[in-house]
Every structure is written in C-alpha cells, then in structure tokens.
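For reference, the chains in residue letters:
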Amino acid sequence: MKNALLILILSNITMGCVTMQQPLPGSLWGDWAFIQTGTIINGSKQKLYDYRNECDRNSDQLRFSSDSKVSLRWYDEHCAIQEYLIGRYYVEGSRLKVNLAKSSPYQDSPFPPITEYRIIQITPTTLTLEEIPDEYKRQKYHGKPSGSELTVFIFSRVE
C-alpha cells in the first residue's frame with residue numbers, strides 16, 4: 001500500500017514538472033495574438049515593443065491551421081475585421097517556412113512578406129519567431145538593406 005501511494009505521489013510530481021506539448025507543427029495549430037515585436041541587432045541586442053492593435057477591443061492574430069495554411073486577422077481603427085491567407089507553411093527542424101500566397105496584396109497588411117522564421121520559443125502559451133532574412137525581398141519591402149537587424153515577433157496563444 002505504501003509503495004502504491006509513493007508511486008502515485010511521485011507520478012503526480014513528475015507530471016507537474018513536464019510540459020506536455022505536441023511536436024511541431026501540431027503545437028503551432030490555433031490562433032496566436034501579437035504581443036510584442038521588435039528587432040535583434042547583431043545577434044544579441046533586443047529592442048522589443050508592445051504590439052499596438054488599432055482596435056482596443058480585439059487583438060491582431062495569426063492562425064496556423066492543421067491543413068498547413070497560415071492566415072492573418074487584424075482589426076482596423078473601426079474594429080472591422082480584415083483577414084487574408086498569408087500562404088502555406090511547413091516546419092523543418094526549428095525553422096518555419098512560408099510559401100506566400102500569390103493573390104494577397106502585402107501593402108494592405110501589417111505582416112511583412114517574410115518566408116522563413118526561426119522558432120525561438122514555443123510553449124503552450126507563447127510563440128517567438130525571428131525572421132531569417134531574404135535580402136532581395138526585405139530591400140524591396142523596406143526600401144533598404146537589413147544589415148544585421150532581424151525582426152522578432154512574440155505571440156500569445158488565444159484560447
């Protein structure tokens with residue numbers, strides 16, 4: 001009886017310390033609200049800023065679906081919802097790669113046309129992505145070379 005009780009107590013303690021998480025890409029599935037964005041300069045110096053939603057009642061979000069689609073939902077200053085398909089995603093190791101959809105106009109969205117990210121952190125509640133730059137697209141989108149400055153996005157899972 002004592003051994004059974006001891007095993008039960010140890011298993012509860014052990015299970016409390018283990019974070020249960022699906023393997024990638026399954027752990028990405030769902031809605032993720034923008035929390036912070038910013039840059040990492042020269043690989044170490046972070047400049048992060050709270051993400052500013054145009055609508056104070058709703059947060060801008062990315063949605064990763066189980067059929068490998070990633071879409072963006074954001075709200076304008078009148079809290080009208082805007083949504084479009086960014087493209088299809090897949091995961092290789094700790095890299096998130098996006099094949100951008102051909103029909104979405106990037107100038108109308110707050111999310112840049114980056115096609116590869118490093119997954120810095122993924123937990124049941126937090127996702128942190130760091131861009132892996134494609135210099136040609138970044139120069140065209142931002143109008144200048146990026147140098148050693150990388151864009152970072154921090155998200156919180158939406159329940």
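Quick note: structure is the one above.
This section reports on the structure supplied with the text. Note that the structure is predicted; figures quoted are calculated from it, not measured.

## Quick notes on the overall build of the protein chain
- Helix and strand content of the protein chain: two helices and nine strands.
- The helix and strand sequence of the protein chain, counted from the amino end, reads α-β-β-β-β-β-β-β-β-α-β.
- Burial statistics for the protein chain: of 159 residues in total, 37% are counted as buried.
- Considering only residue pairs separated by 6 or more positions, the protein chain has 47% of its internal contacts joining residues 24 or more positions apart.
- Carbon together with sulfur atoms contributes 54% to the accessible area of the protein chain, which is approximately 9900 Å² in total.

## Description of the state of the cysteines
- Tallied over the full model, the rule gives one disulfide.
- Each disulfide pairs two cysteine sulfurs, and for C55 the partner residue is C79, the sulfurs being separated by 2.0 Å. Taking the sign of the S-S torsion, 95 degrees for the link of C55 and C79, the bridge is right-handed. Of this pair, C55 sits in the loop between β2 (45-50) and β3 (61-64) while C79 sits in the loop between β4 (69-75) and β5 (81-92); the two residues are 24 residues apart in sequence, bridging distant segments of the chain. Each member of the pair, C55 as well as C79, carries the same accessibility label: buried.

## Quick word on the nonpolar core
- Core analysis: the largest hydrophobic core is formed by 23 residues, its most contacted members being L62, F64, I86, L96, L127 and F155.
- Broken down by secondary-structure element, the contributors of at least two residues to this core are β1 (30-41), β3, β4, β5, β6 (95-100), β7 (116-122), β8 (126-131) and β9 (149-157).
- Each residue touching L96, except ones within four places of it in the same chain, is listed here: L28, F64, Y89, Y90, V91, T115, E116, Y117, I119 and L129.

Rules of the game
Residues numbered from 1 in each chain as written. Predicted model: local features only at pLDDT ≥ 70, side-chain atom pairs only at ≥ 80, totals over all residues. Heavy atoms only, no water. Helix = DSSP H or I, 4+ residues; strand = E, 2+ residues; numbered from the N terminus. Buried < 20%, exposed > 50% of the residue type's maximum accessible area, 1.4 Å probe, protein only. Contact = heavy atoms within 4.5 Å. Areas by Shrake-Rupley, 256 points an atom, 1.4 Å probe, with all protein chains shown as cover. Disulfide = S-S within 2.5 Å. Core = buried A, V, L, I, M, F, W, Y, C linked by side-chain atoms within 4.5 Å.

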